[in-house]
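# Structural overview for review
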Amino acid sequence: IKGVIRKVTKNTIVGNVGQLSIEYKMEIASKSGKTIDIQFLAYGANKAEIEQQYNDLNEALHLAYFGPKIDHYIRRIKEGGSFKIDDFEFSADGLRLQKNRMFRKALQFDIPWSDIKWNIDKLQFLNIGSISNGKASSHISMETDHEALELYLFLETYAKPFAK
């Protein structure tokens, strides 16, 4: 995929007869600016089948798009390099988290691989931080920043074996 996965959403809809359905949308933009919209609507007996098709397509798109990027990040770390996305800089030593604060000096935290934690909260923010230091954390929106998904996939792929 030579483009950007702009948005992936899943919404629950209550119809006018009270029937619950789930709407899935994917928006993919090419580098030339053309957009492909993929939509699914699941209701009734086919909900599970449609959801599985959506999950399979979503996984295939993410592997095709993000797989090479994640491989690149892993190679950089294994070769002694680093990479930075937003406030998060990863190296062979772990995570360096830079927290910029208005009108005050920025804070910097060095977190070893074994002390890194991450999760996606109910508001669709990826939270990354330290297990042992609650102040050493930051977040990035999964809904508005595609780099958040890169970070999440990188952590799930590379950092999970180090996690406690």
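Whatever comes next refers back to the structure up there.
Quick summary incoming for the structure in this document. Everything quoted here is computed from the prediction, not taken from an experiment.

What follows deals with the overall build of the protein chain. If you tally the helices and strands in the protein chain, you get two helices and ten strands. The secondary structure elements of the protein chain, listed N-terminal to C-terminal, are β-β-β-α-β-β-β-β-β-β-β-α. Put simply, the protein chain has 164 residues, and 32% of those count as buried. Taking contacts inside the protein chain between residues at least 6 apart in sequence as the whole, the part at least 24 apart equals 38%.

A few words now on the nonpolar core. Phe-90, Ile-128 and Phe-154 are the most contacted members of the largest nonpolar core, which totals 28 residues. Counting residues per element, the ones that place at least two in this core are α1 (47–78), β4 (83–85), β5 (88–91), β6 (94–101), β7 (104–112), β8 (116–120), β9 (125–130) and α2 (146–159). With seven residues, the single largest contributor to this core is α2. With residues near it in sequence (within four places) discarded, Phe-154 still touches Ile-70, Tyr-73, Ile-74, Ile-77, Phe-83, Phe-90, Trp-113 and Ala-159. Ranked by size, the runner-up nonpolar core spans nine residues in total, among them Ile-28, Phe-40, Ile-50 and Tyr-54.

On to the sheet that holds strand β10 (residues 137–141), then. Read from one edge of the open sheet, three strands run β8-β9-β10, paired in antiparallel fashion. Edge positions in the open sheet fall to β8 and β10, since each of these has one partner strand only. The mean angle between the axes of side-by-side strands here comes to 15 degrees, regardless of whether they run parallel or antiparallel. Here β8 runs beside β9; their pairing, made up of five bridges, is antiparallel. Each bridged residue has a counterpart across the sheet, and for Ile-120 the counterpart in β9 is Leu-126. Where α2 meets the sheet, its contacts fall on β8, β9 and β10, and the angle it forms with β8 comes to roughly 130 degrees.

Another aspect to go through is the packing of aromatic side chains. This structure, assessed with the given rule, holds nine aromatic pairs. Plain terms: the ring middles of Trp-113 and Phe-154 are 6.1 Å apart, the flat faces sit at 55 degrees to each other, and that makes the pair tilted. Note that Trp-113 is positioned in the loop between β7 and β8 and Phe-154 in helix α2, a separation of 41 residues in sequence. Each member of the pair, Trp-113 as well as Phe-154, is classed as buried. Geometrically, the ring pair formed by Trp-113 and Tyr-158 is edge-to-face, given 5.1 Å between the ring centres and 70 degrees between the ring planes. With a gap of 45 residues between them, Trp-113 in the loop between β7 and β8 and Tyr-158 in helix α2 connect regions that are remote in the sequence. Put simply, the rings of Tyr-73, Phe-83, Phe-90, Trp-113, Phe-154 and Tyr-158 touch in pairs and so form one group of aromatic residues.

About the cut-offs
Residues numbered from 1 in each chain as written. Predicted model: local features only at pLDDT ≥ 70, side-chain atom pairs only at ≥ 80, totals over all residues. Heavy atoms only, no water. Helix = DSSP H or I, 4+ residues; strand = E, 2+ residues; numbered from the N terminus. Buried < 20%, exposed > 50% of the residue type's maximum accessible area, 1.4 Å probe, protein only. Contact = heavy atoms within 4.5 Å. Core = buried A, V, L, I, M, F, W, Y, C linked by side-chain atoms within 4.5 Å. Pairing = 2+ DSSP bridges. Axes fitted to C-alpha atoms, helices over the stretch in contact; angles between N-to-C directions. Phe/Tyr/Trp six-rings, centres within 6.5 Å; stacked < 30°, edge-to-face > 60°.

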